[in-house]
Amino acid sequence: MIDERAPLLASASASYQSSVTDNLSSRPGILNDKIVYRNGHQGPPAPTFNNNPILEKVTPITLSWRDVNVSVPLTTKKKGCCGGESGLLGSKQILHGVNGCVQSGSLLAIMGASGAGKSTLLNVLTCRNTRNYSVSGEIHVNGFLVDKNINDMSAYVQQDDLFIGTLTVREQLQFRALLRMDKRVSSKDRLERVESVIQEMGLSKCATSRIGTPGGARKGISGGERKRLSFASEALTNPPIFFCDEPTSGLDTFMAKNIVHTLRKMAARGRVILCTIHQPSSDIFAMFNQILLLAEGRTAFLGSQQQAMEFFAKLQYPCPSNFNPADHFILTLAVEPGNEAECRNRTHQICDTFKESQEAKVIFDEIQEVLNSAQEKKSDPVIAQALAGGSRYESSWPKQFKYLFWRAWVGMLRDVILFRVRVAQVFTVGIIVGLVYLRLSVEQKSVMSINGAIFLLITNTSFSNLFAVVNSFPLELAVFFREYGSGLYRADTYYLAKTIVEVPVFVLITTLFATLTYWMIGNIYNFAYTRNKCEKYLC
Ligand SMILES: Nc1ncnc2c1ncn2[C@@H]1O[C@H](COP(=O)(O)OP(=O)(O)OP(=O)(O)O)[C@@H](O)[C@H]1O
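Predicted, not measured: the structure shown is a model, and the values here were computed from it.

Residues Leu 63 and Trp 65 are the most contacted members of the largest nonpolar core, which totals 99 residues. The biggest single contributor to this core is helix H6 (residues 253–268), with seven residues. Membership of the second largest hydrophobic core comes to 13 residues, among which are Phe 175, Phe 473, Tyr 489 and Phe 506.

Right, dumping it as structure tokens:
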């Protein structure tokens, strides 16, 4: 069940919630701290947080993209004298002149059959993973052209949720808040923001639970909670735009509904949320207030569900009664293997009709309207703030080191199994080395054996510690790439913090190994020495 009891942001009143959700179809925005609808009606004040000027507002945003074309070069391998050599075989167009406009308060579902271009569009809008693409077209925020700086005003919740499993939900959010939030927000406000986001996302019940690793020795929070934690981690900085790649994949209907409900609440606070989504159930589908249908890299429809039903019905593809509209749209736009020509004709007809339709004209006019108003304004606070960011990182080097050190330390203390395994390994190897040099005596003829024992002790100590460090990095590599990519910290701070945290363990393990081995060899030597003496004496 969706946790309706979870308290919302202190100042977001119930009336605000209902008025926004009731009017979603009229596409609200927030101007001068008031919600303003397209029809000119002024709603209640937008929610504030703790009177902190940086956190209190979700800045109103209109995201639009115009004539976006994407192509990829097709290459082949030509055999040369020195092995393989790449040759160009032309290019493949993935997106063809895609347009769109989404306003504050909108939750947009990007849908289409597999290979329609959903992920490509999301990549282009977020300016990520576009190295292989040749992209043309424009992306605007509030009518101003943006490129990579869109990442400074948006959050990207990726499909796989990556966390350090030893942390609790609250610790994970605190770690991100302390590193990622605006420099001007005090630590106290950051921690209060964490508590607020925990409540907003319905994570109170599991706030003190460890996140865990799916399929790992310690199972932690549920899949739905992990997904909400991903949103919570991104929501800390209060970005006005959210991109989500398949937020419901791998979740059951109940969890998926829960997530989309959360997204809808977030959108209702004035954010723009775009998600790619596969096979939503009919009630999940109904929770979106705009849908973008893609087919073969073209726009097949953009607008509300009701408009989409009417549009498809007009084209003689009405949705059968008692049939999930989302399934109907995807099936109509899919290219069936063995029936490609007919399916392609159908999708081209739908896309061509949409291009000439009244709905497409409205979108084009909206884009133009926002561009015109931007030309009049000349500057925009959201863009100015994104451009003023300067450094890629919000926190200084010492702060990054401090919080990374804390995280690594907590992780090491809690990973008891790994520590036990290391101690057991030291005992086993120590006993084996001790037994190998069982009859070692301090004599001329034992010099080689003593050398061998010392060599073995040194190599075993150095290599076991070296590989322990080297092996600990791959375990966190995916998390590191994700966090480093989003500008949370530098690579050198991460490496240093993680290595230094291991120093006490190295010292302890090495001391244990050396003491055990030395004691064993020494005692056995003493025992053998005493026995020799006794035998000599008795004889
Ligand atoms: N780098 C690339 N090189 C060649 N083809 C590519 C590349 N990236 C994407 N494509 C092709 O572009 C088309 C759209 O891909 P995309 O991943 O955007 O589809 P999608 O709608 O997200 O599909 P799915 O729902 O299966 O994830 C596909 O046919 C894909 O094979």
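Having seen the model, we can carry on.
This paragraph deals with the packing of helix H10 (residues 340–356) against helix H11 (residues 358–377). One can describe the packing of H10 onto H11 by two numbers: an axis separation of 5 Å at closest approach and a directional angle of 55°. Considering their axes alone, H10 and H11 lie oblique with respect to each other. Residues Phe 354, Lys 355 and Glu 356 of H10 lie in contact with H11, whose contacting residues are Gln 358, Glu 359, Ala 360 and Ile 363. Of the residues in the contact of H10 with H11, the class split is three nonpolar, one polar and three charged.

If you walk through the whole model with that rule in mind, you get 14 aromatic pairs. Arranged with centres 5.6 Å apart and planes meeting at 55°, the rings of Phe 480 and Phe 481 form a pair that is tilted. What makes Phe 480 buried here is its relative accessible area of 12%. Measuring from centroid to centroid gives 5.5 Å for Phe 480 and Tyr 484, while their planes differ by 15°, and the two rings are stacked. Residue Phe 480 and its partner Tyr 484 are located together in helix H15 (residues 447–485), separated by four residues, close to a single helical turn. An aromatic cluster is defined as three or more aromatic residues linked by ring pairs; in this entry it consists of Phe 285, Phe 301, Phe 311, Phe 312, Phe 329 and Phe 354.

Another aspect to go through is the packing of helix H3 (residues 169–180) against helix H4 (residues 187–200). In contact at an axis separation of 9 Å, H3 and H4 are set at 140° when each is read in the N-to-C sense. It follows that H3 is oblique to H4 by the angle criterion. Of the two elements, H3 crosses H4, and the hand of that crossing is right-handed. Counted together, Arg 170, Leu 173, Gln 174, Ala 177, Leu 178 and Leu 179 of H3 and Ser 187, Arg 190, Leu 191, Val 194, Glu 195 and Ile 198 of H4 form the full contact between these two elements. Here the residues of the contact of H3 with H4 sort into seven nonpolar, two polar and three charged.

The next point concerns the UniProt feature "transmembrane region" (unreviewed entry) in the chain. Within this structure's numbering, the places UniProt gives as "transmembrane region" (unreviewed entry) are residues 423–442, 454–475 and 495–521. Annotated as 100% helix and 0% strand, the span residues 454–475 places its first and last C-alpha atoms 32 Å apart. The distance separating the terminal C-alpha atoms of residues 495–521 is 38 Å; by composition the span is 96% helix and 0% strand.

With that settled, consider H6. The terminal C-alpha atoms of H6 lie 22 Å apart, and with 16 residues this matches the ideal 22 Å at 1.5 Å per residue to within 8%. Every buried residue belonging to H6 is among Met 255, Ala 256, Asn 258, Ile 259, Val 260, His 261, Thr 262, Leu 263, Lys 265, Met 266, Ala 267 and Ala 268, and all of these are buried. Positive phi appears at Gly 270, one or two residues downstream of H6, with a value of about 100°.

Summed over the entire model, instances satisfying the criterion amount to 15 salt bridges. Close ionic contact of Arg 298 with Asp 352 constitutes a salt bridge, the shortest N to O distance being 2.6 Å. Placement of Arg 298 in strand S13 (residues 298–303) and of Asp 352 in helix H10 is noted, with a sequence separation of 54 residues between them. Judged by relative accessible area, Arg 298 falls into the buried class, the value being 17%.

What counts and how
- Residues numbered from 1 in each chain as written.
- Predicted model: local features only at pLDDT ≥ 70, side-chain atom pairs only at ≥ 80, totals over all residues.
- Heavy atoms only, no water.
- Core = buried A, V, L, I, M, F, W, Y, C linked by side-chain atoms within 4.5 Å.
- Buried < 20%, exposed > 50% of the residue type's maximum accessible area, 1.4 Å probe, protein only.
- Helix = DSSP H or I, 4+ residues; strand = E, 2+ residues; numbered from the N terminus.
- Axes fitted to C-alpha atoms, helices over the stretch in contact; angles between N-to-C directions.
- Parallel < 35°, antiparallel > 145°, perpendicular 65-115°, else oblique.
- Contact = heavy atoms within 4.5 Å.
- Nonpolar A, V, L, I, M, F, W, Y, C, P; charged D, E, K, R; others polar.
- Phe/Tyr/Trp six-rings, centres within 6.5 Å; stacked < 30°, edge-to-face > 60°.
- Left-handed = near helix turned anticlockwise from the far one by under 90°.
- UniProt positions renumbered as here; feature names shortened; annotations may be inferred.
- Expected span 1.5 Å × (residues − 1).
- Salt bridge = Lys/Arg side-chain N within 4 Å of Asp/Glu carboxyl O.

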